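# Structural overview for review
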Amino acid sequence: MNLLAGKTALVTGAARGIGKALALKFAAEGANVAFTDLAIDENGKQTEQELIDLGVKAKGYASNAADFAQTEEVVKKIKEDFGSIDILVNNAGITKDGLMMRMSEAQWDAVIAVNLKSAFNFIHAVLPIMMRQRSGSIINMASVVGVHGNAGQANYAASKAGLIALAKSIAQEVGSRGIRANAIAPGFIETAMTAALPEEVRADWCKKIPLRRGGQVEDIANVALFLASDMSSYVTGQVIQVDGGMNM
């Protein structure tokens, strides 16, 4: 049984990494998938083809998620192309780490704009569509760092904490319209970015995790599928930590 048959999912920042894993999981469960990235380069085109090969309608859109006007336009185009938007995953994100005393205003502004303002942009554009449908699932990709903070990542932690609070607030605002909003807080996930870390850093991370290993993108995708589907029809305003028990 395809859990998302007949639904359309919009995933931001999905040309690669966790966003791509989510898009592929949704498509495998029957959802048509629209995804955005800053540019639809070779990675984006490959992702688009992989989605189409799963037998669904799929298309990548070049868009700066942090730009309000661009977001309004791309959501309008996706609605025209796909007919509906049933699932929104706010996944676009960047890091610009540094200790607060050395952090520049530009580093702070860039992370808040891409990680947090982009979610406002997309929720603002998608909500009228979901409200007319009287249904929808919004998923914000947060982080365990947004729950407990992290030295050297004040901008990133603040943006991810904001995504959690944003999901809870939206859940309260539009629950009566059949729209749910939740957040996922990944921990140490095995990606190309974490693979580039020194082995001693990776080993230190794993010591702090009760399951003694990093997570896989599939672990995040499985939770996103749960939140996107009717399996979670009575779940809203929650933050699910997918971290191997690192932050109990």
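Before reading on, note that the structure itself is shown above.
### Re the overall build of the protein chain
In terms of regular secondary structure, the protein chain is built from nine helices and seven strands. Scaling as 2.2 N^0.38, a compact globule of 248 residues should have a C-alpha radius of gyration of about 18 Å, and the protein chain matches this with 17 Å. Projected onto the principal axes, the alpha-carbon positions of the protein chain cover approximately 50 × 40 × 40 Å. Within the protein chain, buried positions represent 49% of all 248 residues. Carbon and sulfur atoms provide 55% of the accessible area of the protein chain, an area that totals close to 11,500 Å². Across the protein chain, the 24 positively charged side chains and the 25 negatively charged ones have centroids separated by 4 Å.

### Observations regarding helix α6 (residues 154–174)
With 21 residues, α6 extends 30 Å between its outermost C-alpha atoms, agreeing within 8% with the 30 Å of an ideal straight helix rising 1.5 Å per residue. When we look at burial in α6, the residues that qualify are Asn155, Tyr156, Ala157, Ser159, Lys160, Leu163, Ile164, Leu166, Ala167, Ile170, Ala171 and Val174. Taken together, the buried residues of α6 touch α4 (105–133), β5 (136–141), α5 (145–148), β6 (179–186) and β7 (239–242).

### A look at the pattern of salt bridges
In this structure the tally under the stated criterion is nine salt bridges. With its nearest N and O atoms 3.7 Å apart, the salt bridge here joins Lys59 to Asp81. One end of the pair, Lys59, is in strand β3 (residues 58–62); the other, Asp81, is in helix α3 (residues 68–82), with 22 residues separating them in the sequence. Residues joined in a network through salt bridges with shared partners are Arg16, Asp37 and Asp41.

### Digging into the side chain of Asp86
With respect to the helices and strands, the residue Asp86 is situated in the loop between α3 and β4 (87–90). Of the side chains with opposite charge, Lys7 comes closest to the buried, unpaired Asp86, at an N-O distance of 5.3 Å. Within the local environment of Asp86, its side chain forms a polar contact with the backbone nitrogen of Thr8, the two atoms lying 2.7 Å apart. Excluding residues within four positions of it along the chain, Asp86 makes contact with Gly6, Lys7, Thr8, Met130, Gln133, Gly136 and Ser137.

### Here's the deal with the sheet that holds β5
The parallel open sheet is built from seven strands, whose spatial order is β3-β2-β1-β4-β5-β6-β7. Each end of this open sheet is capped by a strand with a single partner; those strands are β3 and β7. The sheet shows a mean angle of 15 degrees between the axes of neighbouring strands, direction not considered. The strands touched by helix α9 (residues 217–228) are β4, β5, β6 and β7; relative to β6, the strand with the most contacts, the crossing angle is about 165 degrees.

### Focus: the pairing of β3
When strand β2 (residues 32–37) meets β3, the two strands line up parallel, connected through five bridges. Paired with Thr36 across the two strands is Tyr61, which belongs to β3.

### Comments concerning unusual backbone geometry
Residue Arg134 is not a glycine yet carries a positive backbone phi of 55 degrees. Positive phi values are uncommon outside glycine, yet Arg212 reaches one of about 60 degrees. Structurally, the position occupied by Arg212 is in the loop between α8 (199–207) and α9. Under the relative-accessibility criterion, Arg212 is labelled exposed at 56%.

### Thoughts on the side chain of Ser159
Among the secondary structure elements, Ser159 is positioned in helix α6. The exposure class assigned to Ser159 is buried, which follows from its relative accessible area of 0%. Aside from chain neighbours lying at most four places away, what touches Ser159 is Val111, Ile112, Asn115 and Leu116.

### Here we look at α3
Across its 15 residues, α3 extends 21 Å between first and last C-alpha, which sits within 8% of the 21 Å expected from 1.5 Å per residue. For α3, the full list of buried residues reads Thr71, Val74, Val75, Ile78 and Phe82. On an axial view of α3, the arc spanned by its buried residues comes to 100 degrees, and they lie on one face. For α3, exposure combined with an orientation more than 90 degrees from the buried face picks out Ala69, Glu73 and Glu80. Of the surrounding elements, those touching the buried residues of α3 are β1 (8–12), β2, β3 and α4.

### Side note on the packing of aromatic side chains
Within the structure shown, the criterion is met by two aromatic pairs. Look at Phe68 and Phe120: their rings are 6.0 Å apart centre to centre, the planes differ by 25 degrees, and that puts the pair in the stacked class. Of this pair, Phe68 sits in helix α3 while Phe120 sits in helix α4, placing them 52 residues apart in sequence. A residue is classified by how much of its surface remains accessible, and Phe68, at 31% relative accessible area, is partly exposed. When its relative accessible area of 40% is taken as the criterion, Phe120 is described as partly exposed. With a centroid separation of 5.2 Å and 20 degrees between ring planes, the pair formed by Phe188 and Trp205 is classed as stacked. Of this pair, Phe188 sits in the loop between β6 and α7 (192–195) while Trp205 sits in helix α8, and the two are 17 residues apart along the sequence.

Rules of the game
- All chains use their own residue numbering, which begins from 1 and follows the written sequence.
- This being a predicted model, a pLDDT of at least 70 is required before a residue's local features are given, and a value of 80 or more before pairs of side-chain atoms are given or counted; all residues contribute to the totals for chains, interfaces and linings.
- Excluding hydrogens and water, the side-chain values take into account all heavy atoms of the structure.
- Note on conventions: DSSP H or I runs of at least 4 residues are helices, E runs of at least 2 residues are strands, and numbering of each starts at the N terminus.
- Computation of the radius of gyration draws on C-alpha atoms, with the globule rule given as 2.2 Å multiplied by the number of residues to the power 0.38.
- The classification of residues rests on relative accessible area computed with a 1.4 Å probe and restricted to protein chains. Under 20% of the type maximum is buried, over 50% is exposed, and intermediate values are partly exposed.
- Values of accessible area rely on a 1.4 Å probe in the Shrake-Rupley scheme; residue burial ignores everything except the protein chains shown.
- The positive count covers Lys and Arg only, the negative count covers Asp and Glu only, and His and the chain ends enter neither.
- Taken as the charge centre is NZ of Lys, CZ of Arg, CG of Asp or CD of Glu, depending on the residue.
- An expected span of 1.5 Å times one less than the residue number is assigned to each helix.
- Here a residue-residue contact requires only that any non-hydrogen atoms of the pair lie within 4.5 Å.
- Salt bridge, as used here, is a side-chain nitrogen of Lys or Arg placed within 4 Å of a carboxyl oxygen of Asp or Glu.
- The term polar contact refers here to a pair of N or O atoms within 3.5 Å; inside protein, the definition further demands a hydrogen-donor-capable atom paired with an acceptor-capable atom, and it admits residues adjacent in sequence only when both atoms are side-chain atoms.
- Only strands that DSSP links by at least two bridges are regarded as paired with each other.
- Axis angles are defined between N-to-C directions and span 0 to 180 degrees, where every axis is a line fitted to C-alpha atoms and, for a helix, only to the segment in contact.
- Note that the arc is defined by the directions from the helix axis to the C-beta atoms.
- Planes of paired rings set the category: under 30 degrees apart is stacked, over 60 is edge-to-face and the rest tilted, where pairs are Phe, Tyr or Trp rings (Trp by its six-membered ring) whose centres lie within 6.5 Å.

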